[in-house]
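Chains, contacts and geometry: an overview
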Amino acid sequence: MTKLEELKAARNAAEAAYDAANAAYTARVVAYADAYIAAEDAYAARADACIAAEDAYAAREAAYAARAEAYAAEDAKLKYQGEKHDD
């Protein structure tokens, strides 16, 4: 093998190594991007779940308030009628 052929072979090997390293780097970047997107999706789902829980809590509080108002109205009605109402 001549010196020129040796240099060409070395250059080809270096180019192949560069291509392999570049492919590995690209795969790593894509994997990181996919993981970041998945983390963002999970965070958004968590935020949605928190909002839903807050809405459910608010609805429960509103139901409790409505029930208390109904009890108060019933108590007022019974008091007006002169009856006692025991809980």
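The structure contained in this document is the topic of the report that follows. Just so you know, these numbers come straight off a predicted model, no measurement behind them.

So, on to the overall build of the protein chain. A count of helices and strands for the protein chain gives one helix and zero strands. Against the 2.2 N^0.38 benchmark of 12 Å for 87 residues, the protein chain shows a C-alpha radius of gyration of 36 Å, more extended than a compact globule. Each principal axis of the C-alpha distribution contributes one length, and for the protein chain these read about 120 × 15 × 5 Å. Across the 87 residues in the protein chain, those meeting the buried criterion constitute 1%. Accessible area for the protein chain stands at about 7600 Å²; split by element, carbon and sulfur atoms hold 60% of it. With 10 positive and 17 negative side-chain charges, the protein chain shows a separation of 5 Å between the mean positions of the two kinds.

In this section: helix 1 (residues 3–80). For helix 1, built from 78 residues, the straight-helix expectation of 116 Å at 1.5 Å per residue is met to within 8% by its first-to-last C-alpha distance of 114 Å. Gly82 sits one or two positions beyond helix 1 and adopts a positive phi of about 85 degrees.

This part covers the environment of Met1. Its location among the elements puts Met1 in the segment before helix 1. For the pair Met1 and Ala66, spaced 65 residues apart in sequence, the C-alpha to C-alpha distance is 94 Å.

Bringing the pattern of salt bridges into the picture now. Close approach of charged atoms allows side chains with opposite charge to pair. Evaluation of the coordinates by the stated rule reveals two salt bridges. The partner of Glu15 in a salt bridge is Arg11, and the shortest N-O contact between them spans 3.9 Å. One end of the pair is Glu15 and the other is Arg11, both in helix 1 and four residues apart, which spans about a single turn. In this structure Glu15 comes out as partly exposed when scored by relative accessible area, which is 42%. Between Glu61 and Arg60 there is a salt bridge whose closest N-O contact spans 3.9 Å. Assessed through its relative accessible area of 33%, Glu61 is described here as partly exposed. Judged by relative accessible area, which is 41%, Arg60 ranks as partly exposed.

Conventions used here
Residues numbered from 1 in each chain as written. Predicted model: local features only at pLDDT ≥ 70, side-chain atom pairs only at ≥ 80, totals over all residues. Heavy atoms only, no water. Helix = DSSP H or I, 4+ residues; strand = E, 2+ residues; numbered from the N terminus. Rg over C-alpha atoms; globule rule 2.2 N^0.38 Å. Buried < 20%, exposed > 50% of the residue type's maximum accessible area, 1.4 Å probe, protein only. Areas by Shrake-Rupley, 256 points an atom, 1.4 Å probe, with all protein chains shown as cover. Lys, Arg positive; Asp, Glu negative; His and termini not counted. Charge placed at Lys NZ, Arg CZ, Asp CG, Glu CD. Expected span 1.5 Å × (residues − 1). Salt bridge = Lys/Arg side-chain N within 4 Å of Asp/Glu carboxyl O.

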